Amino acid sequence: MAEPRNRYSTVSLILHWLIAALVVTQIGLFIAHELTEGPISREFVSIHKSVGLSILVLTLGRLGWRIANPAIPLPDTMRRWEKLLARGTHVLFYAFLIGMPLVGWAASSAGGRDIQWFGLFAWPLLPIEGGREVAGQLMDMHELAAKALYVLLALHVAGALKHHFIDRDNVLHRMIPWIPRRP
Ligand code: HEM
Ligand code: HEM
């Protein structure tokens, strides 16, 4: 009988860590934008938009891959509520990694601001009316979502570290295979 899978596929690993790095970059770009002024500050927002839209495309690809290659089950040592919390966080991550860029894109579209994807081509705008007022409301949603994302991130990382240092199981190994597998 084939040995049960005990780690995510290489594609899943690459997408997990690439998207995680890009999300951290997004937060960094916003901080850089806040700390600067003038054209450079606007450039940080422009890169933020390009990175955000790239996260959208990568996450849609990741979701497709995930549907075709279902996740490995969580260890039986986890209680039911723990599994629900872990999977619930994952589902919300997917919702945010799709929803946040869509809302940002919609805000730029409503505000009539063109988006240049890394200065290479004009990203199409969504047909959204309403001008600055609607753009402002959408940006409020984007900002609120950012706060919720910080909470999810804290929960997710705390969970991963709890598995490794307290439960001493192999959940972190599944996503970081070079961490030695525990017996
Ligand atoms: C912005 C940063 C991150 C995001 C958006 C993110 C998102 C996700 C998502 C969506 C999954 C579910 C994968 C699936 O089953 O489809 C996942 C799994 C996982 N993540 Fe992250 N993650 C991030 C950072 C981290 C960090 C920093 C760690 C380690 C400290 C980590 C450890 C894990 C582990 C161990 C799993 C596998 C859980 C399992 O075996 O089911 N993640 N992550
Ligand atoms: C997953 C992708 C994204 C993440 C994680 C993200 C995250 C963030 C965060 C944390 C902030 C700061 C919120 C605050 O505290 O005020 C922000 C602001 C902003 N984001 Fe995003 N974002 C993403 C995608 C996008 C996209 C695709 C666009 C537009 C096309 C966009 C446009 C903006 C704008 C215009 C701001 C406000 C900058 C300012 O204050 O002038 N974001 N984003």
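Residues numbered from 1 in each chain as written. Chains lettered and ligands numbered in written order. Predicted model: local features only at pLDDT ≥ 70, side-chain atom pairs only at ≥ 80, totals over all residues.

Participant: I keep staring at the site of ligand 1 and nothing clicks. Help me out?
Facilitator: Ligand 1 sits among 18 residues. The nearest are Ala 20, Val 23, Ala 71, His 90 and Met 175. When residues of the shell around ligand 1 are traced back to their parent elements, those giving at least two are helix H1 (10-35), helix H3 (80-110), helix H4 (131-167) and helix H5 (171-175). Counted by class, the shell around ligand 1 contains 13 nonpolar, 3 polar and 2 charged residues. (Near = placed C-beta within 6 Å. Helix = DSSP H or I, 4+ residues; strand = E, 2+ residues; numbered from the N terminus. Nonpolar A, V, L, I, M, F, W, Y, C, P; charged D, E, K, R; others polar.)

Participant: Hey, could you run me through the environment of Trp 65 in this one?
Facilitator: Within the element layout of this structure, Trp 65 appears in helix H2 (residues 38-68). The residues touching Trp 65, leaving out its near neighbours within four places in the chain, are Val 11, Ser 12 and Leu 15. (Contact = placed C-beta atoms within 7 Å.)

Participant: Mind showing me how you'd approach the site of ligand 2 here?
Facilitator: Taken together, 23 residues are adjacent to ligand 2, and Lys 49, Gly 52, Pro 101, Gly 104 and Ala 146 come closest. At the level of secondary structure, the elements contributing two or more residues to the shell around ligand 2 comprise H1, H2, H3 and H4. The residue inventory of the shell around ligand 2, partitioned by class, reads 14 nonpolar, 7 polar and 2 charged.

Participant: What am I meant to see in the packing of H3 against H4 here?
Facilitator: Think of two packed helices as two axes; the pair is described by the angle between the axes and how far apart they sit. The contact between H3 and H4 brings their axes to 9 Å, and the two run at 155°. The angle between H3 and H4 falls in the class roughly antiparallel. Remark: the crossing between H3 and H4 carries left-handed chirality. Looking at side-chain class alone, the contact of H3 with H4 contains 18 nonpolar, 7 polar and no charged residues. (Axes fitted to C-alpha atoms, helices over the stretch in contact; angles between N-to-C directions. Parallel < 35°, antiparallel > 145°, perpendicular 65-115°, else oblique. Left-handed = near helix turned anticlockwise from the far one by under 90°.)

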